Structures are given as structure tokens and as C-alpha cells.
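Chain residues, written in single-letter form:
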Amino acid sequence: MITPPDRTPLPREFFDRPVLEVAPDLLGRLLIRTTPDGPTALRLTEVEAYDGPNDPGSHAYRGRTPRNEVMFGPPGHVYVYFTYGMWHCMNLVCGPEGTASGVLLRAGEIVEGAELARERRLSARDDKELAKGPARLATALDVDRALDGTDACTPGETPLRILAGTPVPSEQVRSGPRTGVAGDGGVHPWRFWVADDPTVSPYRAHVPRRRSR
């Protein structure tokens with residue numbers, strides 16, 4: 001008999017821990033995005049940890065700015081940023097208030113509301129690609145900067161919620177370098193994913209962007 005995922009909301013205490021504890025523990029959890037069109041649920045299969053002032057790869061490494069303000073707030077809130085002038089990416093704030101650490105949600109499996117995700121991700125070749133990568137994940141769930149600062153631990157029908165789901169056993173968790181992170185921050189094995197899961201995105205090393213002449 002297959003046990004259905006636990007739909008109990010994760011408490012704020014879950015996120016009020018060091019980011020390297022929270023990140024792998026998020027695998028298998030459910031992220032619920034609710035819009036006027038209905039809910040979409042995603043099972044997390046890949047994440048990356050970012051450790052604020054201790055991490056050259058973090059947006060908060062050089063301190064507080066209007067862009068990263070949410071990262072310095074209470075744990076369990078959503079940090080959304082816009083990148084390359086085209087895409088949004090979604091993070092969950094971790095640790096005590098003021099620490100500015102967070103987990104980037106890199107990939108997942110759409111387990112409810114696939115028809116809505118397909119409408120948002122018309123270029124996906126199949127359902128495994130709907131949320132395979134952080135920008136694709138945000139697009140499939142209709143996440144943009146309007147949701148920056150959302151409390152994901154609030155009970156009830158809120159725009160974004162994190163539920164207990166089915167945690168992944170430690171023997172099925174893999175780790176390695178973060179995707180596309182340059183310099184000193186690129187060496188940390190702070191990307192975590194579910195072994196052999198088809199929704200996990202491929203690893204790509206950082207490639208410097210060429211400046212147009």
C-alpha cells in the first residue's frame with residue numbers, strides 16, 4: 001500500500017535551522033501554488049543552498065539591498081528574483097531572522113494541476129520537463145516578483161504553501177557543485193537532488209558571459 005503524501009503544512013521552525021540542514025530536507029516536500037485558475041502542486045526533487053555572508057555565490061554576500069531584503073527577514077518566506085532580464089527564480093528563506101540564507105528551488109515533479117503547468121510551459125516536450133530547472137519551475141507555477149516576501153508557512157488557501165509531503169530517505173539524496181556558480185562559491189557541493197529522478201536538471205558549470213563589442 002502506497003502512503004499518500006502528508007499534507008500538513010511545514011512549521012516555521014522547519015526553516016529556522018542552518019541552510020545546509022534545511023536544503024536536503026526539502027526534497028520530497030510539496031509546494032502548493034494557488035491562483036484563481038486553481039492549485040498546482042509540485043514535489044521538490046532538486047534544490048541549492050546559499051549561505052548569505054559566508055557564501056560568495058549568495059545574493060546576500062555583500063549585504064542587504066532592496067533586491068535581497070526578504071532574505072534578511074523571518075524564515076519560511078519566499079524570495080523571488082528576476083534574472084537575465086527574462087526569468088524568475090524562487091527561494092525559501094532559512095535560519096534565524098537577519099542571517100540571509102536561503103534555498104533555491106531548482107526542480108520538481110508536477111503532481112497536481114499539470115494542465116495549468118502545461119499552459120504556462122508550452123515549450124516543454126513532456127511533463128518531466130515542466131519544472132526541470134529553476135526558471136522553468138517558477139514559470140510552471142506562475143511565480144513572479146509579486147510573490148516576493150510571501151509567507152509560505154501561513155495555513156489556509158494562500159498563494160504559496162509548503163507541505164510535509166514525503167521526505168526522501170538520506171540514501172536517495174545526492175549532492176554536488178551548484179549549477180552555474182562562479183569563483184569561490186562554485187566549489188561548494190551545496191546542490192542536493194533525488195537520485196535517478198527524471199525531473200532533476202542537468203549540471204552545468206559556470207560559463208562567463210561574453211560582452212558584446
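The shown structure was predicted, so the numbers you read here are calculated from the model rather than taken from an experiment.

1. Let's talk about the packing of aromatic side chains
Under the criterion given, the structure shown has two aromatic pairs. Between the aromatic rings of Phe14 and Phe15, the centroid separation amounts to 5.0 Å while the plane-to-plane angle is 75°, which identifies the pairing as edge-to-face. Centre to centre, the rings of Tyr79 and Tyr81 are 5.7 Å apart; their planes meet at 35°, and the pair counts as tilted. In this pair, the class of Tyr79 matches that of Tyr81, namely buried. Over the ring of Phe14 we find Arg17, and its NZ or CZ is 4.6 Å from the ring centre.

2. Comments concerning the side chain of Asp55
The residue Asp55 is located in the loop between β3 (38-50) and β4 (78-83) in this model. In terms of polar contacts, Asp55 uses its side chain to reach the side chain of Arg178, at 2.6 Å.

3. Overview of the side chain of Asp197
Of note, Asp197 is situated in the segment after β9 (191-194). Judged by its relative accessible area of 13%, Asp197 is buried. Within the local environment of Asp197, its side chain forms a polar contact with the side chain of Arg43, the two groups lying 2.6 Å apart. Excluding its chain neighbours within four sequence positions, the residues that come into contact with Asp197 are Arg43 and Thr45.

4. Details of the pattern of salt bridges
If you walk through the whole model with that rule in mind, you get 16 salt bridges. A salt bridge links Arg29 to Asp25; the nearest nitrogen and oxygen atoms lie 2.8 Å apart. The class of Asp25 is partly exposed, set by a relative accessible area of 23%. A salt bridge links Lys128 to Asp126; the shortest N-O distance between them is 3.8 Å. Judged by relative accessible area, Asp126 falls into the partly exposed class, the value being 32%. The structure contains a network of salt bridges with shared partners spanning Glu46, Glu48, Arg106 and Arg191.

5. Regarding the environment of Gly63
Mapped onto the secondary structure, Gly63 falls in the loop between β3 and β4. Taking the C-alpha atoms as reference points, Gly63 and Lys132, separated by 69 residues in sequence, lie 30 Å from one another. Ignoring any residue separated from it by four or fewer positions in sequence, one finds Gly63 in contact with Asn68 and Phe72.

6. Regarding unusual backbone geometry
Located in the positive-phi region is Ala100, a residue other than glycine, with phi close to 60°. For Ala100, the location among the structural elements is in the loop between β5 (87-94) and β6 (101-112).

7. Considering the nonpolar core
With 42 residues, the main nonpolar core has Phe15, Leu26, Val103, Leu105 and Ile110 as its most contacted residues. Considering each element in turn, this core owes the most residues, four residues, to β3. If we skip the residues at most four places from it in the chain, Ile110 touches Thr40, Ala41, Leu42, Ala117, Leu130, Ala131, Ala140 and Leu141. Among the nonpolar cores identified, the runner-up in size contains twelve residues, and Tyr50, Ala60, Tyr79 and Tyr81 belong to it.

Thresholds applied
- Residues numbered from 1 in each chain as written.
- Predicted model: local features only at pLDDT ≥ 70, side-chain atom pairs only at ≥ 80, totals over all residues.
- Heavy atoms only, no water.
- Phe/Tyr/Trp six-rings, centres within 6.5 Å; stacked < 30°, edge-to-face > 60°.
- Buried < 20%, exposed > 50% of the residue type's maximum accessible area, 1.4 Å probe, protein only.
- Lys NZ or Arg CZ within 6 Å of the ring centre and 35° of its normal.
- Helix = DSSP H or I, 4+ residues; strand = E, 2+ residues; numbered from the N terminus.
- Polar contact = N/O pair within 3.5 Å; in protein donor to acceptor, adjacent residues only side chain to side chain.
- Contact = heavy atoms within 4.5 Å.
- Salt bridge = Lys/Arg side-chain N within 4 Å of Asp/Glu carboxyl O.
- Core = buried A, V, L, I, M, F, W, Y, C linked by side-chain atoms within 4.5 Å.

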